[in-house]
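This is what each chain is made of:
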Amino acid sequence: MAGKVMHAVQYSKYGGGAAGLKHVEVPIPTPKNGEVLIKIEATALNPIDWKVQKGVMRPFMPKKFPFIPATDVAGEVVEVGAGVTKFKAGDKVVANGGGGLAEYAVAKQSLTVGRPPEISAADAAGLPIAGLTAYQALQTAGIKLDGSGNEVNVLITAASGGVGHYAVQLAKLGNTFVTATCGARNIEFVKSLGADEVLDYKTPEGAALKSPSGKKYDVVIHCTSGIPWSTFESNLSPNGKVIDMSPNAGTMWTYAKKKITLSKKQLVLLMASPSSEKLEYLVQLMKDGKLKTVIDSKHPLSKAEEAWTKSIESHATGKIIVEP
Ligand SMILES: NC(=O)c1ccc[n+]([C@@H]2O[C@H](COP(=O)([O-])OP(=O)(O)OC[C@H]3O[C@@H](n4cnc5c(N)ncnc54)[C@H](OP(=O)(O)O)[C@@H]3O)[C@@H](O)[C@H]2O)c1
C-alpha cells in the first residue's frame, strides 16, 4: 500500500468537539514490526475518544498532532509487518488499534483477534474497549461467568450504554441478581438484556438507587458518573464494592478515605487494559450467541462528525458505529 492515500478524519489541537474534526487524504499507514494493516469495515466510538480530544490525557495522548482518533476497529487484514505470524492478508479481524476514523488502520498483532464469519464487523467493533471494560469489571468483582459461586447482587448503572449493555449480559452468565438503571425509554430494552429489575434513573427511587425488591448490592458496576458515595453506601451489603470506571477528584478522595479507614465497603477504580485473550473470549461468547452488540446508530465516515456529536451527548443505546 506504500504511496497510496486514504480518506481519514483527524484533529489538530485539543478541544473543538465535532467542529474540530477535519476530513483529509493521508498516506495509508505501513505496518511496522509485529503490526497488521486493516482495511476498516467498522469502527466503534467510545467516550475516551472525545475525552482525549478534550485533553483529559494531556500530555500523554495524543502523542502528536494531527491525530486520527478511535481505537476499536474491525475489518480485513490487507498487509502484515515483519514478525507477524498469527495473521495473513484476507483474515477478518477485530482489534484495539488506533486511527479508526479512516479507511485503513494499523494494529499490533498482540491486540488483534480473528473474527468468525458469523460476527459482523460492526458487532465485533463494539467489543475492544466497551466489552473488555464490562468483562474486567465482572472479573474485578469476582463473578464467574460459568454460573458457579454464590449468588451476587449486582447493580449496573447506565445499563443502556456501551459498557453497561455488555455488563448486564455478561453478569447474567454468572450467578447474579441484576438491578440496572437507565432512562425510561430503555427500561424494556435493559430487561431484554437479562436485568432482573430496572430503575429509571430520573425517578426519586432511581436516583436513590433503591432496589425494588429490597436487595443490598454486593457489587456496583458504575458506568456513569455524578452519583455521590453516600447514595451508594446505604444500598451496599456489608462488604459491598463500587467499581468506578470514570473517576474524578471526588471519587479519588473517597477511594483514599475508604482505604485509609479500612472500610469494609470499598470503592474500586477500574482502568481497563487491552488483552487479546479476553477479547478472544468475548468474540467466542458472541459466536456462541451468549453476547450481542446492540447498535445505537451507524454513520458513514463522510459524516463522522454526527457520530462524534452523538457520543459526546452521551445518550446512546449501545454502540455508535462509523463505517467507511
Ligand atoms: N476506565 C475505563 O477503562 C473505561 C472504559 C470504558 C468506558 N469508561 C467510561 O465509562 C463511562 C460509560 O461509557 P459508555 O461507553 O458506556 O458510555 P455511553 O455509551 O456514552 O453511555 C450512554 C448511556 O448512559 C446512560 N446514562 C447517562 N447518565 C445516566 C445516569 N445517571 N443513570 C443511568 N444511565 C445514564 C444514557 O441513557 P439516557 O440516554 O437515557 O440518558 C445512555 O444510554 C464513560 O464515562 C466512559 O468514559 C471507562
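Small disclaimer: the values here were computed from a predicted structure and weren't measured. (Residues numbered from 1 in each chain as written. Predicted model: local features only at pLDDT ≥ 70, side-chain atom pairs only at ≥ 80, totals over all residues.)

### Some words on the site of the ligand
Thought 1: Around the ligand, the structure places 30 residues, and the nearest of them are G161, G162, G183, Y201 and H315.
Thought 2: Going through the elements one at a time, α1 (47-54), α3 (127-140), α4 (162-171) and β9 (176-182) are the ones with two or more residues in the shell around the ligand.
Thought 3: Among the residues forming the shell around the ligand, the class breakdown is 14 nonpolar, 16 polar and no charged. (Near = placed C-beta within 6 Å. Helix = DSSP H or I, 4+ residues; strand = E, 2+ residues; numbered from the N terminus. Nonpolar A, V, L, I, M, F, W, Y, C, P; charged D, E, K, R; others polar.)

### Brief notes about the domain arrangement of the protein
Thought 1: Under the domain assignment used here, the protein contains domain 1 (5-115 + 294-322) and domain 2 (130-269).
Thought 2: Computed over C-alpha atoms, the centres of domain 1 and domain 2 are 29 Å apart.
Thought 3: Taken together, the contacts link 6 residues of domain 1 with 7 residues of domain 2.
Thought 4: Counted by class, the side of domain 1 that touches domain 2 contains 2 nonpolar, 3 polar and 1 charged residues. (Domains from an automatic or database assignment. Contact = placed C-beta atoms within 7 Å.)

### Details of the sheet that holds strand β11 (residues 217-222)
Thought 1: Across the sheet, which stays open at both edges, the 6 strands sit in the order β10-β9-β8-β11-β12-β13 with parallel pairing between neighbours. Two strands close off the open sheet at either side, each with one partner strand: β10 (197-200) and β13 (266-269). When the angles between neighbouring strand axes are averaged without regard to direction, this sheet yields 20°.
Thought 2: Relative to β9, strand β8 (residues 152-157) is paired through 5 bridges, and the arrangement is parallel. (Pairing = 2+ DSSP bridges. Axes fitted to C-alpha atoms, helices over the stretch in contact; angles between N-to-C directions.)

### Things to note about the packing of α3 against α4
Thought 1: Two elements in contact, α3 and α4, have axes whose closest approach is 8 Å; the angle formed by their N-to-C orientations is 45°. The angle between α3 and α4 places the two elements in the oblique class. In this structure, the crossing between α3 and α4 has a hand that is right-handed. For the pair formed by α3 and α4, the contact residues are A130, G131, T133, A134, Y135, A137 and L138 on the first element and G162, V163, Y166, A167, L170 and A171 on the second.
Thought 2: Tallied by class, the residues present in the contact of α3 with α4 amount to 10 nonpolar, 3 polar and no charged. (Parallel < 35°, antiparallel > 145°, perpendicular 65-115°, else oblique. Left-handed = near helix turned anticlockwise from the far one by under 90°.)

### Concerning the nonpolar core
Thought 1: Core analysis: the largest hydrophobic core is formed by 93 residues, its most contacted members being I38, V94, I156, A167 and V168.
Thought 2: For this core, the leading source of residues is α3, giving 8 residues.
Thought 3: Discounting residues that sit within four places of it in the chain, A167 has contacts with A134, A137, L138, I156, A159, I221 and C223. (Core = buried A, V, L, I, M, F, W, Y, C linked by C-beta atoms within 7 Å. Buried ≥ 20, exposed ≤ 12 C-beta atoms within 10 Å, placed from the backbone.)

### Quick look at the packing of α3 against helix α9 (residues 276-287)
Thought 1: The N-to-C vectors of α3 and α9 enclose an angle of 95°; their axes lie 10 Å apart at closest approach. Our classification of the angle between α3 and α9 gives roughly perpendicular. Across the interface between the two elements, L127, P128, G131, L132 and Y135 of α3 pack against K278, L279, L282 and V283 of α9.
Thought 2: In the contact of α3 with α9, the residues fall into 7 nonpolar, 1 polar and 1 charged.

### Describing α4
Thought 1: The buried fraction of α4 is high, at 10 of 10 residues.
Thought 2: Every buried residue of α4 is accounted for by G162, V163, G164, H165, Y166, A167, V168, Q169, L170 and A171.
Thought 3: Contacts from the buried residues of α4 go to α3, β8, β9, α5 (187-192), β11 and β15 (319-323).

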